[in-house]
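# Topology and contacts: notes
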Amino acid sequence: QVQLVESGGGFVQAGGSLRLSCAASGSISSINAMAWYRQAPGKQRELVAVITRGGATNYADSAKGRFTISRDNAKNTVYLQMNSLKPEDTALYYCKVTIVLTNYWGQGTQVTVSS
């Protein structure tokens, strides 16, 4: 149905930056919302940031002031700009796209922040 391709993860030192991208393709009519989640080893998956089709955004407290979510509706792509990265940001980051009433997940991209 819908394929999500994520990119941009990698290894950075504390204080560095990364920009994650997630492009959706396939049978797409209208994307209602796009979001980024992350999951660290031994922890539950948590919401990092979400953006609606209209551009409204919401962030986890841990991401506020450091991360910025944005989207290009024409390209069906969502981005997560991550600045001032901390070791505790290390996790597998997942893209989620909501189309009508169905959620689609990406395979995840690894972000590792060293001290």
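In what follows, the structure referred to is the one given above.
Here goes a summary of the coordinates provided. (Residues numbered from 1 in each chain as written. Predicted model: local features only at pLDDT ≥ 70, side-chain atom pairs only at ≥ 80, totals over all residues. Heavy atoms only, no water.)

Right, let's get into the sheet that holds strand 7 (residues 67-72). In sheet architecture, strand pairing relies on hydrogen bonds along the backbone and comes in two forms, parallel and antiparallel. Judged by pairing direction, the sheet is antiparallel, and its four strands sit side by side in the order 1-3-8-7 without closing on themselves. Each having just a single partner strand, strand 1 (2-7) and strand 7 make up the two edges of the open sheet. With direction set aside, neighbouring strand axes in the sheet form an average angle of 15°. Bridge count for strand 7 against strand 8 (residues 77-82) is six bridges, and the pairing is antiparallel. When the sheet's bridge partners are listed, Thr-68 is paired in strand 8 with Gln-81. (Pairing = 2+ DSSP bridges. Helix = DSSP H or I, 4+ residues; strand = E, 2+ residues; numbered from the N terminus. Axes fitted to C-alpha atoms, helices over the stretch in contact; angles between N-to-C directions.)

The subject of this paragraph is the packing of aromatic side chains. Think of a pair of aromatic rings as described by two things: how far the centres are apart, and how the planes are tilted against each other in angle. Following the criterion strictly, the structure yields two aromatic pairs and no others. Geometrically, the ring pair formed by Tyr-94 and Trp-105 is edge-to-face, given 6.5 Å between the ring centres and 80° between the ring planes. One end of the pair, Tyr-94, is in strand 9 (residues 91-99); the other, Trp-105, is in strand 10 (residues 102-105), with eleven residues separating them in the sequence. Positioned above the aromatic ring of Tyr-94 is the side chain of Arg-45, whose terminal nitrogen or guanidinium carbon lies 3.7 Å from the ring centre. Between the NZ or CZ atom of Arg-45 and the centre of the ring of Trp-105, over which it lies, the distance is 4.8 Å. (Phe/Tyr/Trp six-rings, centres within 6.5 Å; stacked < 30°, edge-to-face > 60°. Lys NZ or Arg CZ within 6 Å of the ring centre and 35° of its normal.)

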